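Next come the chains, spelled out residue by residue.
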Amino acid sequence: MNPLDTPIAYLKGVGPKKAELFQSELEVFCFADLLTYFPFRYVDRTKIYSIAEIQPDMPYVQIKGIISKIEIMEGKGRNNRMRAILSDDTGSIELVWFTGIKWLKSLIKPQTEYIVFGKPTEFNRRLNIAHPEMEHLQPNEIKEMGLQPVYNSTEKAKHGGLDSKTIGKLIRELLEQHPAAFAETLPNEWIQKLGLISRNQALRHIHNPPQWNELQKAQFRLKFEELFYIQLKLLNQLGIRKRQNPGFIFEHIDGHFHKFYHEHLPFPLTNAQKNVIRDIRQDVRSGKQMNRLLQGDVGSGKTIVALFAMLMAIDNGFQATLLAPTEILATQHFHNLSDMLQGMQLNMRLLTGSTRKSERKSLFAELIDGSLNILIGTHAILEESVVFHNLGLAVIDEQHRFGVSQRARIWQKNKQSPHILVMTATPIPRTLAMTLYGDLDVSVIDELPPGRKPIQTIHRFEISRQKVFDLLIDEIQKGRQAYIVYPLIEESEKVDYKNLFDGFEQIKAAFPQYQVSILHGRMTPDAKDFEMARFLKGETQIMVATTVIEVGVNVPNASVMIIESAERFGLSQLHQLRGRVGRGAEQSYCILVTPYKLSEEGRKRMETMVRTNDGFEIAEVDLQLRGPGDMDGTRQSGLINLKIADIVKDQKILSLARNSAQLILDNDPELSQPQNNILLATLHQMNKGKSNWANIS
Ligand code: ADP
Ligand code: MG
């Protein structure tokens with residue numbers, strides 16, 4: 001056994017109680033886990049600030065001074081506290097404690113020199129440091145403290161004695177116990193080429209950095225390694241899949257494809273659309289299974305691309321299916337495509353949760369005997385009872401709404417996997433896409449159909465609601481329609497529904513001359529369809545709704561999108577909502593209504609929306625504001641659990657990692673050359689992964 005696989009309980013200083021906490025709280029099961037439990041920041045204890053230098057927005061700092069005037073104030077809660085003044089040659093600062101006062105009082109001595117370490121804040125316009133660490137030290141001891149790592153811990157773990165300091169001590173113990181070099185995981189050639197330090201040195205320096213520049217080298221090495229292996233794994237999987245899964249070959253396009261292109265095309269395709277169709281055509285002729293991600297901003301025209309792909313399948317004797325995340329969207333795709341395919345002698349049907357039994361029966365029969373060419377639907381398609389005659393292509397729309405496992409289920413709808421095209425309007429920043437969908441080929445539609453006027457976005461405070469209504473009236477008088485969207489989240493569902501219904505009543509009262517629709521998740525599918533259809537036909541002018549209208553809904557005559565409590569939406573969601581308008585040739589508007597008081601982040605979101613219509617730019621800002629963990633569709637992926645790298649900050653390292661991995665696989669697709677043994681071995685080790693360690697207890 002590799003000594004690093006030793007269960008954590010066997011480390012000196014870790015008793016059964018700490019071992020239990022390591023496992024349950026910090027997911028540290030064995031020595032190797034502890035070794036890669038990296039500090040999340042460092043404090044520089046080499047520098048001592050003078051008190052005059054201290055500002056309230058500084059991170060943790062270290063100062064040196066003499067304590068005077070220790071006072072205890074008695075009171076309730078935070079009024080019960082102890083204060084002391086620390087002074088050096090340049091000034092003085094207040095130190096405060098709210099707990100452990102009795103004990104501290106006996107410990108801290110006036111007129112004595114201390115090294116004080118903590119985070120300065122401002123309270124009542126005076127600087128103070130709450131609960132600082134205090135040390136009574138000699139100057140030469142200070143130098144030895146150096147750069148100190150800080151480790152994440154949980155409340156429960158801290159309570160059980162596993163605070164940052166203890167974790168650090170245990171890691172140092174482990175490093176001492178293991179004087180031999182830690183095994184290398186990267187080929188020598190690449191270490192040389194990229195000027196990396198060894199894994200052994202990196203692991204030691206990351207926990208015990210002698211200097212900033214050495215720490216940086218250690219961080220770079222370990223970040224690179226982490227990202228490199230994710231990329232190598234994804235690209236390797238992609239390669240294996242391409243080698244192992246022969247794809248159906250769609251050679252012909254001289255039937256329906258040809259006919260549709262020449263006789264039924266409703267508008268000329270944009271160049272971007274043509275390019276993507278070309279990408280797909282190449283994939284489906286290659287003899288390898290297609291796994292392609294199509295990214296295109298809302299309204300960029302992905303649906304017709306999907307249709308062309310489906311026609312390729314049909315021309316070669318296969319069936320095709322299109323999956324949408326909601327019933328509204330599936331139904332809309334069905335109607336939209338039915339219109340386009342009129343006069344085309346194709347059999348297309350719709351399957352959703354509310355498709356009636358009798359209808360299902362005939363649908364399933366046509367599906368099995370092959371007379372059904374295209375099946376459009378929701379998750380209902382994934383049920384076992386849905387059996388195709390020969391599924392050649394599956395299109396998954398708004399991919400981020402589907403989990404990875406659902407993507408896998410569609411693969412199994414045939415003995416031989418069908419070609420897969422997944423489409424998303426969530427513009428995923430390139431670096432994130434690489435990490436999340438590194439096993440897919442990516443095409444992008446980066447051009448909107450001609451003649452669209454960019455949507456004008458306006459931010460208004462609630463007090464200016466009359467201005468919002470004025471614009472609404474103007475537009476409706478021109479014959480257009482409007483959406484008014486309210487936030488709805490699980491945690492505050494009750495209040496949110498009340499706001500929605502209040503809003504609905506208010507709008508009806510304010511605009512008695514207009515018809516108003518309402519759409520939300522608690523309605524039955526029939527009622528939703530009914531309201532959606534009325535709005536689509538122009539029988540109602542205003543649609544009050546929750547975000548159920550977010551995905552894919554297409555009403556070209558709608559020119560106003562009013563978003564209430566816009567500060568409660570994330571950036572990508574705001575962008576998705578805005579994309580519901582601006583689908584016709586008219587000038588469209590998006591109005592973001594918020595209270596006057598906004599958080600810094602909220603303000604940034606509104607500014608970004610007003611400034612740009614570019615989904616990719618918005619996604620970048622979103623990623624920076626929220627971090628990848630919160631981005632749509634990334635939550636279930638599990639790939640985002642990085643130990644040291646940061647997808648936002650380390651984009652350059654990620655690119656380097658990906659390019660390196662690609663180069664290696666290009667030269668040695670199966671990683672069978674001797675210098676790459678180390679890569680294959682590490683990949684195997686990764687695949688065995690945590691689950692093994694988790695069993696040891
Ligand atoms: P999305 O990419 O958001 O799914 P859709 O496929 O729904 O976009 O297309 C949005 C609208 O643009 C639809 O009304 C569609 O008919 C129209 N459209 C798509 N491509 C073109 C084009 N090349 N020229 C003009 N209109 C187009
Ligand atoms: Mg769409």
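All values reported here derive from a predicted model rather than from experimental measurement. (Residues numbered from 1 in each chain as written. Chains lettered and ligands numbered in written order. Predicted model: local features only at pLDDT ≥ 70, side-chain atom pairs only at ≥ 80, totals over all residues. Heavy atoms only, no water.)

### A few points about the overall build of the protein chain
Thinking step 1. Helix and strand counts for the protein chain stand at 24 helices and 22 strands.
Thinking step 2. A buried classification covers 53% of the 697 residues belonging to the protein chain.
Thinking step 3. Restricting to contacts in the protein chain with at least 6 residues of sequence separation, those with at least 24 account for 73%.
Thinking step 4. For the protein chain, the computed accessible surface area is about 33,200 Å², with 50% contributed by carbon and sulfur atoms. (Helix = DSSP H or I, 4+ residues; strand = E, 2+ residues; numbered from the N terminus. Buried < 20%, exposed > 50% of the residue type's maximum accessible area, 1.4 Å probe, protein only. Contact = heavy atoms within 4.5 Å. Areas by Shrake-Rupley, 256 points an atom, 1.4 Å probe, with all protein chains shown as cover.)

### Details of the confidence of the model for the protein chain
Thinking step 1. Per-residue pLDDT for the protein chain has a mean of 87; in total, 92% of the residues score no lower than 70.
Thinking step 2. pLDDT under 50 marks residues 630–639. Its contacts with residues more than four places away, or in other chains, come to 24 contacts.
Thinking step 3. Here residues 690–697 is a poorly scored stretch, pLDDT under 50, and it has 15 contacts once near neighbours within four places are set aside; other chains count. (pLDDT = per-residue confidence, 0-100.)

### With respect to the site of ligand 1
Thinking step 1. Lining the immediate environment of ligand 1, one finds 16 residues, of which P268, G299, K302, T303 and R452 sit closest.
Thinking step 2. Within the contact set of ligand 1, a nitrogen atom lies 2.9 Å away from a backbone nitrogen or oxygen of P268.
Thinking step 3. Taking G301, its main chain carries an N or O atom lying 3.1 Å from an oxygen atom of ligand 1.
Thinking step 4. When the free accessible area of ligand 1 is taken as 570 Å², the share hidden by the protein chains comes to 85%.
Thinking step 5. Here the shell around ligand 1 is built from residues that sort into five nonpolar, seven polar and four charged. (Near = heavy atom within 4 Å. Polar contact = N/O pair within 3.5 Å; in protein donor to acceptor, adjacent residues only side chain to side chain. Nonpolar A, V, L, I, M, F, W, Y, C, P; charged D, E, K, R; others polar.)

### Brief notes about the sheet that holds strand β20 (residues 542–545)
Thinking step 1. The strand order β17-β22-β21-β18-β20-β19 describes an open sheet built from six strands, whose pairing is parallel. Pairing within the sheet leaves two strands with one partner each, and these edge strands are β17 (456–461) and β19 (516–519). In this sheet, neighbouring strand axes are inclined to one another by 20° on average, regardless of whether the strands run parallel or antiparallel.
Thinking step 2. Summarising the sheet, strand β18 (residues 481–485) and strand β21 (residues 558–563) pair through five bridges and their orientation is parallel. Opposite V485, over in β21, you have I563 as the bridge partner.
Thinking step 3. This element, helix α19 (residues 525–536), spans β18, β19, β20 and β21 of the sheet and lies at about 140° to β19. (Pairing = 2+ DSSP bridges. Axes fitted to C-alpha atoms, helices over the stretch in contact; angles between N-to-C directions.)

### Some points on the sheet that holds strand β10 (residues 291–296)
Thinking step 1. Strands sit in the order β12-β13-β11-β14-β15-β10-β16 across an open sheet of seven strands; the sheet is parallel. Because the sheet does not close on itself, it has two edges, and the strands there are β12 (348–351) and β16 (441–445). Ignoring strand direction, the axes of neighbouring strands in this sheet form an average angle of 20°.
Thinking step 2. Against the sheet, helix α11 (residues 271–285) contacts β10, β15 (419–424) and β16, and its axis sits at roughly 160° relative to β16.

### With respect to the domain arrangement of the protein chain
Thinking step 1. Segmentation of the protein chain into domains returns domain 1 (3–42 + 153–206), domain 2 (46–150), domain 3 (255–445) and domain 4 (456–612).
Thinking step 2. The distance between the C-alpha centroids of domain 1 and domain 2 comes to 31 Å.
Thinking step 3. Across the boundary between the two partners, domain 1 contributes six residues, which contact five residues of domain 2.
Thinking step 4. When domain 1 packs against domain 2, the two sides together hide about 630 Å² of surface, and 56% of this comes from carbon and sulfur.
Thinking step 5. Run the count over domain 1 and domain 2 and you get one salt bridge.
Thinking step 6. Connecting domain 1 to domain 2 are two residue pairs in polar contact (both at pLDDT 80 or more).
Thinking step 7. Every element with two or more residues in the side of domain 1 that touches domain 2 is listed here: β1 (41–44) and α6 (164–177).
Thinking step 8. Tallied by class, residues from the side of domain 1 that touches domain 2 come to three nonpolar, one polar and two charged. (Domains from an automatic or database assignment. Buried area = accessible area lost by both parts, 1.4 Å probe. Salt bridge = Lys/Arg side-chain N within 4 Å of Asp/Glu carboxyl O.)

### Quick notes on the pattern of salt bridges
Thinking step 1. According to the stated counting rule, one finds 29 salt bridges in the structure shown.
Thinking step 2. Here R611 and E617 are joined by a salt bridge, their closest N and O atoms 2.8 Å apart.
Thinking step 3. When its relative accessible area of 51% is taken as the criterion, R611 is described as exposed.
Thinking step 4. Taking relative accessible area as the criterion, E617 reaches 30% and is therefore assigned partly exposed.
Thinking step 5. The network of salt bridges with shared partners includes E71, R83, E94 and R126.

### Brief notes about the nonpolar core
Thinking step 1. Among the nonpolar cores identified, the biggest contains 43 residues, and F260, I280 and M310 are the most heavily contacted of them.
Thinking step 2. Once residues within four sequence positions are removed from consideration, I280 is found in contact with M290, R292, V305, A309, M312 and L421.
Thinking step 3. Ranked by size, the runner-up nonpolar core spans 35 residues in total, among them Y42, Y151, A218 and I644. (Core = buried A, V, L, I, M, F, W, Y, C linked by side-chain atoms within 4.5 Å.)

### A short note on the packing of aromatic side chains
Describing an aromatic ring pair means giving the distance of the ring centres and the angle of the ring planes.
Thinking step 1. Throughout the structure, instances matching the rule amount to 14 aromatic pairs.
Thinking step 2. Considering the side-chain rings of Y37 and Y151, the 6.4 Å spacing of their centres and the 20° angle between planes classify their relative orientation as stacked. Of this pair, Y37 sits in the loop between α2 (31–35) and β1 while Y151 sits in the loop between β9 (147–150) and α5 (155–159); the two residues are 114 residues apart in sequence, bridging distant segments of the chain. Comparing Y37 with Y151, the two get one shared label, buried.
Thinking step 3. Aromatic rings pair up to connect F257, F260, Y261 and F308 into one cluster.
Thinking step 4. Sitting above the plane of the W190 ring, K193 keeps its charged end 4.0 Å from the centroid.
Thinking step 5. Cation over ring: R522 sits above Y497, and NZ or CZ is 3.8 Å from the ring centre. (Phe/Tyr/Trp six-rings, centres within 6.5 Å; stacked < 30°, edge-to-face > 60°. Lys NZ or Arg CZ within 6 Å of the ring centre and 35° of its normal.)

### Section: the packing of helix α20 (residues 571–578) against helix α22 (residues 615–626)
Thinking step 1. Interhelical geometry of α20 versus α22 gives an angle of 155° and a closest axis separation of 8 Å. In terms of orientation, α20 and α22 fall into the roughly antiparallel class. Together, L571, S572, H575 and R578 of α20 and G615, I618, V621, D622, L625 and R626 of α22 make up the contact between the two elements.
Thinking step 2. Grouping the constituent residues of the contact of α20 with α22 by class yields four nonpolar, three polar and three charged. (Parallel < 35°, antiparallel > 145°, perpendicular 65-115°, else oblique.)

### A look at the side chain of N316
Thinking step 1. With respect to the element layout, N316 can be found in the loop between α12 (302–315) and β11 (319–323).
Thinking step 2. A distance of 2.9 Å separates the side chain of N316 from the backbone nitrogen of E251, its partner in a polar contact.
Thinking step 3. Not counting the four nearest positions on each side in its chain, N316 is found in contact with I249, F250, E251 and H252.

### Section: the environment of D397
Thinking step 1. Tracing the sequence through the fold places D397 in the loop between β14 (391–396) and α15 (404–411).
Thinking step 2. Residues D397 and A306 lie 91 residues apart in sequence; the distance between their C-alpha atoms is 9.0 Å.
Thinking step 3. There is a polar contact of 2.7 Å between the side chain of D397 and the side chain of H333.

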